[in-house]
Structure formats: structure tokens, C-alpha cells
Amino acid sequence: MKNENFATAIVLFTMMLSAQVAHSQQTIAFEGIENARVHNGQVVRSGMLVRSGCLAKATDSDVAVLKEKYRLSDVFDFRFEAEVNAAPDRIIDGVSYTHLSTLPKALIEGFASSGRSDTAHTDTKNMAAVLMKYAFEPKAQTMARQLYPAIVTDSLAQCYYGEFLRGVLHAKGGVLWHCSQGKDRAGWASAFLLAALGADRETIVEDFDLSNQSYARAVEAMTAKVREQGGGDEAVAFIRAMIGVSRENFEATLDMIDQKYGSLSDYIENQLGFSKEEHGFQEH
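Residues numbered from 1 in each chain as written. Predicted model: local features only at pLDDT ≥ 70, side-chain atom pairs only at ≥ 80, totals over all residues. Heavy atoms only, no water.

## Description of the overall build of the chain
Phase 1 of the analysis: Across its full length, the chain carries 15 helices and five strands.
Phase 2 of the analysis: Within the span of the chain, comprising 284 residues, buried residues form 54% of the whole.
Phase 3 of the analysis: Partitioning the contacts of the chain with sequence separation of at least 6, the portion at a separation of at least 24 is 74%.
Phase 4 of the analysis: Total accessible area on the chain stands at roughly 12,400 Å², and carbon and sulfur atoms take up 48% of it. (Helix = DSSP H or I, 4+ residues; strand = E, 2+ residues; numbered from the N terminus. Buried < 20%, exposed > 50% of the residue type's maximum accessible area, 1.4 Å probe, protein only. Contact = heavy atoms within 4.5 Å. Areas by Shrake-Rupley, 256 points an atom, 1.4 Å probe, with all protein chains shown as cover.)

## With respect to the pairing of strand β3 (residues 72-77)
Phase 1 of the analysis: Counting buried residues along β3, six of its six residues qualify, which places the element largely inside the surrounding structure.
Phase 2 of the analysis: Pairing geometry for β3 and strand β4 (residues 96-99), over four bridges, is parallel. Directly across from F76, in β4, lies its bridge partner T98.
Phase 3 of the analysis: Handedness of the crossover joining β3 and β4 through helix α3 (residues 81-86): right-handed. (Pairing = 2+ DSSP bridges. Right-handed = clockwise from strand over helix to strand, strands pointing away.)

## Some details on the environment of A191
Phase 1 of the analysis: Residue position: A191 is located in helix α8 (residues 185-196).
Phase 2 of the analysis: Through-space distance from the C-alpha of A191 to that of D207 is 7.9 Å; in sequence the pair is 16 residues apart.
Phase 3 of the analysis: Setting aside residues no more than four positions away along its own chain, A191 makes contact with I204 and F250.

## Focus: the confidence of the model for the chain
Phase 1 of the analysis: Per-chain confidence: the chain averages 82 in pLDDT, with 78% of residues scoring 70 or above.
Phase 2 of the analysis: Within the chain, no element has a lower average pLDDT than helix α1 (residues 3-16), which sits at 44, and none a higher one than β4, at 98.
Phase 3 of the analysis: Low confidence marks residues 113-125, where pLDDT is under 50. Its contacts with residues over four positions away, or in another chain, come to 22 contacts. (pLDDT = per-residue confidence, 0-100.)

## What about the pattern of salt bridges?
Phase 1 of the analysis: For the structure on display, the rule yields 15 salt bridges.
Phase 2 of the analysis: R247 is paired through a salt bridge with E251; the nearest N and O atoms lie 3.5 Å apart. Separated by four residues within a single helix, R247 and E251 lie in helix α13 (residues 247-261), roughly one turn from each other.
Phase 3 of the analysis: Each of R201, E206, D209, R247, E251, D255 and D258 takes part in one network of salt bridges that share partners. (Salt bridge = Lys/Arg side-chain N within 4 Å of Asp/Glu carboxyl O.)

## Re the side chain of D77
Phase 1 of the analysis: Position of D77 relative to the elements: it lies in strand β3.
Phase 2 of the analysis: You can call D77 buried: its relative accessible area is 6%.

## Here we look at the sheet that holds strand β5 (residues 174-178)
Phase 1 of the analysis: Strand order in the open sheet formed by five strands is β1-β2-β5-β3-β4, with mixed pairing between adjacent strands. Because the sheet does not close on itself, it has two edges, and the strands there are β1 (37-38) and β4.

## Brief notes about the packing of helix α11 (residues 216-228) against helix α12 (residues 233-243)
Phase 1 of the analysis: For the pair α11 and α12, interaxial distance at closest approach is 9 Å and the crossing angle is 155 degrees. Relative to α12, the element α11 is oriented roughly antiparallel. In this structure, α11 crosses over α12, and the sense of that crossing is right-handed. Taken together, the residues of α12 that come into contact with α11 (itself represented by A218, V219, E220, M222, T223, V226 and R227) are D233, A235, V236, I239, R240 and I243. (Axes fitted to C-alpha atoms, helices over the stretch in contact; angles between N-to-C directions. Parallel < 35°, antiparallel > 145°, perpendicular 65-115°, else oblique. Left-handed = near helix turned anticlockwise from the far one by under 90°.)

## Considering α13
Phase 1 of the analysis: Its 15 residues place the ends of α13 21 Å apart at the C-alpha level, agreeing with the 21 Å of an ideal helix rising 1.5 Å per residue.
Phase 2 of the analysis: Those residues of α13 lying buried are N249, F250, T253, L254, I257 and Y261. The buried side chains of α13 occupy one side of the element, clustering within an arc of 140 degrees when seen end-on. For α13, exposure combined with an orientation more than 90 degrees from the buried face picks out E248 and Q259.
Phase 3 of the analysis: Against α6 (138-153), α7 (155-170), α8, α9 (201-209), α12 and α14 (264-270) lie the buried residues of α13.
Phase 4 of the analysis: G262, located one to two residues past α13, shows a positive phi value of around 105 degrees. (Expected span 1.5 Å × (residues − 1). Arc of directions from axis to C-beta.)

## Notes on the packing of aromatic side chains
Phase 1 of the analysis: Tallied over the entire structure, the rule returns 14 aromatic pairs.
Phase 2 of the analysis: On the basis of an interplanar angle of 45 degrees and a centroid distance of 5.4 Å, the ring pair of F78 and Y161 is categorised as tilted. Taken together, the residues span a long stretch of sequence, with F78 in the loop between β3 and α3 and Y161 in helix α7 at a distance of 83 residues. For the pair F78 and Y161, one class covers both residues: buried.
Phase 3 of the analysis: Through pairs of rings, three or more aromatic residues link up here, namely F76, F78, Y148, Y161, F164, W177, W188, F192, F208, F250, Y261 and Y267. (Phe/Tyr/Trp six-rings, centres within 6.5 Å; stacked < 30°, edge-to-face > 60°.)

## What about the nonpolar core?
Nonpolar side chains in soluble globular proteins tend to end up buried together.
Phase 1 of the analysis: In this structure, F164, W177, W188 and F192 are the most contacted members of the largest nonpolar core, which totals 47 residues.
Phase 2 of the analysis: Those elements that provide at least two residues to this core are α4 (105-113), α6, α7, β5, α8, α9, α13 and α14.
Phase 3 of the analysis: Here the element with the most residues in this core is α8; it accounts for nine residues.
Phase 4 of the analysis: Listed in part, the 18 residues of the second largest apolar core include A135, V219, I239 and M242. (Core = buried A, V, L, I, M, F, W, Y, C linked by side-chain atoms within 4.5 Å.)

This is the structure we're talking about:
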């Protein structure tokens with residue numbers, strides 16, 4: 001199978017899972033918004049920064065909480081166009097929406113060429129079988145490991161993540177950012193924001209890894225099936241990365257950033273174009 005087909009499959013998984021997985025835990029207990037948490041701490045404006053899955057199923061109660069408790073003024077959506085069209089965010093009066101597709105163009109084009117962009121959020125019947133099939137493919141396993149490096153080295157994604165950071169800085173109220181599940185693309189946005197705020201690596205990694213609590217039930221169910229069919233550690237790692245997040249892949253990509261760009265701080269300043277002098281987030 002050609003590499004672009006594996007790339008297409010990985011993009012498909014990120015879209016289909018948002019309609020399929022069940023949660024075991026949520027940091028913020030919204031009714032229709034997945035994998036939501038608020039960023040609090042010494043360097044973060046308490047209750048002003050929220051990261052989540054998409055807002056397509058946000059209920060009236062969710063909207064009220066976002067407006068009243070979190071004073072929401074801005075939403076940043078990291079999904080690409082087909083994802084947005086398949087499951088558009090609920091529009092909240094008085095809130096500004098910014099669309100910043102941070103998935104590399106090659107992956108998006110591979111997905112679009114498959115002809116499945118209009119059915120990704122509804123055709124979930126065979127998703128488990130698709131995941132099982134690719135879990136045993138070495139090339140798919142490699143593609144899963146390469147997803148994060150592809151995102152952070154993509155020049156357009158870098159531009160958009162920089163725009164996101166500036167948007168947070170200049171927001172008039174609370175900010176919410178998301179992708180489909182709020183775990184990979186939104187996870188990197190959180191990592192960059194926390195780094196800009198002065199968080200250490202351990203804090204950034206632990207925050208990224210929290211998505212695995214939200215998707216633990218689905219991950220364990222699928223990994224059990226993989227083991228039953230004779231799958232080894234690589235197959236299990238693929239499932240964990242696709243349904244949850246891979247802490248190992250995340251940390252390996254942070255190491256790559258250090259090696260390629262000097263440090264995460266240097267990456268934010270030089271690749272994302274968000275300098276310390278500009279943002280003034282960090283406390284000195």
C-alpha cells in the first residue's frame with residue numbers, strides 16, 4: 001500500500017474518532033464537548049484558557065457555561081476544511097471564530113483524494129475494523145510516529161500556531177481552542193502556549209498526556225482486541241496513538257525540536273515568530 005494511503009488513514013482516524021469514542025473522565029464536565037479542560041496555574045489567567053474537542057455538539061448548557069463562567073470571547077479551530085464542513089462548530093453570539101488548519105497540506109490532500117471527506121463523521125460503522133487493519137501494518141505504525149514531527153516542521157502550521165499565540169495574547173475574554181478531539185493539534189497548541197507562559201517540560205508533557213484519561217476506556221477496549229489477535233507492542237502503540245495520544249511520540253518530538261531548533265523556547269520565537277519581547281507572557 002502506498003504511503004499516501006496510510007497518511008489518509010491517519011487523518012481519517014482523527015475525524016471519525018470524535019463521533020465514536022466514549023470518555024471515562026473529563027476535566028470540565030460539559031454535556032456535548034469532548035476532552036475539555038481549563039488551564040490554571042501560577043502563570044495562567046485562571047479560568048480564561050480552555051482546550052477541548054470541537055463544539056459541534058455543544059448544548060445550551062455548555063454555551064451558558066462558556067459565556068458566563070469562562071467569559072468566552074474567542075475560539076480557535078485547528079481542523080481542516082472538510083472537518084469543519086462535516087461538523088461545524090456551534091456559533092455562540094459575541095464570540096470570534098478563527099480557523100487555522102495546522103495539519104500538513106500533504107495529509108489533507110491525501111485525505112481529500114480518497115473521496116471520503118463528506119462521510120468521515122458519519123461512516124463510523126467499520127472504524128474499529130479499519131483501525132485493527134492498520135495497527136498491524138509497519139508502514140502505518142511509522143506514519144503514526146511521524147505525525148507530530150510533520151506538524152511541528154510544517155511551515156504553514158508554524159505560522160498558524162504563532163497566530164494562535166498572538167490571538168490569545170490580544171483576546172478580550174476567555175479563549176477556547178480545539179481540533180476534532182482536542183488531543184493532537186490542540187495538544188500542540190497547548191504545549192506552545194504553556195511553554196510561552198514559562199511552564200517547564202514536565203508540566204507540558206503531563207498536560208499533553210491528560211487526553212489519555214478522557215479516552216482511556218476506548219483505548220483499552222481496542223488494545224485488548226489487538227492483543228487477542230496477536231498484536232505486539234508496535235500494534236498497541238499505534239492504537240494508543242490514534243485513539244488517545246502517544247506520550248512517547250510527543251516527547252520524541254520535543255527532543256527533535258531541541259535538536260533541530262535549539263530549544264522549545266527558540267522554536268516558539270524563531271519558527272512561530274512569537275518573541276519574548278512581543279508577548280510578555282512569562283513572569284520574570
